Amino acid sequence: MAVNSGPAVSPLGRRLLIAATCVVSLLLCCGLAWWQWDRFTSANGTFQNLGYVLQWPLFGLFPAFMFWRIKKLREREEAQGESGEAQAEQAAVTVPAPRASTPARPPAPRPVAEEDDELAAYNRYLRELNARDQQA
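Remember, it's a predicted structure, so these values are computed and weren't measured experimentally. (Residues numbered from 1 in each chain as written. Predicted model: local features only at pLDDT ≥ 70, side-chain atom pairs only at ≥ 80, totals over all residues. Heavy atoms only, no water.)

A. The arrangement of helix α1 (residues 11-41) in detail. Its 31 residues give α1 an end-to-end C-alpha distance of 45 Å, which sits within 8% of 45 Å, the value for a rise of 1.5 Å per residue. Turning to α1, its buried residues number three or more, namely C22, S25, C29, A33 and Q36. (Helix = DSSP H or I, 4+ residues; strand = E, 2+ residues; numbered from the N terminus. Expected span 1.5 Å × (residues − 1). Buried < 20%, exposed > 50% of the residue type's maximum accessible area, 1.4 Å probe, protein only.)

Shown next as structure tokens:
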């Protein structure tokens, strides 16, 4: 059963859309880096602004990196798919026998700690606060 993922986009249209996304992202982030540089060079600028000057171009390059990475992963998957189909036809599937299971042990009981005076006083205080909230 084929799933329709939306309107068909030509490969050229898809590439142009990806390129436009990358260019717009880079331009926008370079503009933000310029704005942070202006903030850094102003009287109230800090080194945090300088850090953003260095980060914004990297953020702008991130979509291009992701599109490149997705392309490489698809190519690798297709290459493995072609060789994997041939290997799957040749190899017989063998399922190992299950191991003999050991009987499950019940969890060890946790030691019950006695409530000390300070903890008891704190719990009473919390109960009083809760009672006041309930009355209000």
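B. How the structure looks around the packing of aromatic side chains. Counted according to the given criterion, the structure contains five aromatic pairs. Taking 5.6 Å as the distance between ring centres and 45 degrees as the angle between the ring planes, the aromatic pair formed by W37 and F40 counts as tilted. You can see W37 and its partner F40 sitting in helix α1, three residues apart, about one turn around the helix. For W37, a relative accessible area of 35% translates into the label partly exposed. When its relative accessible area of 22% is taken as the criterion, F40 is described as partly exposed. A ring pair is formed by F40 and F47, whose centres lie 5.8 Å apart and whose planes are at 50 degrees; its orientation type is tilted. (Phe/Tyr/Trp six-rings, centres within 6.5 Å; stacked < 30°, edge-to-face > 60°.)

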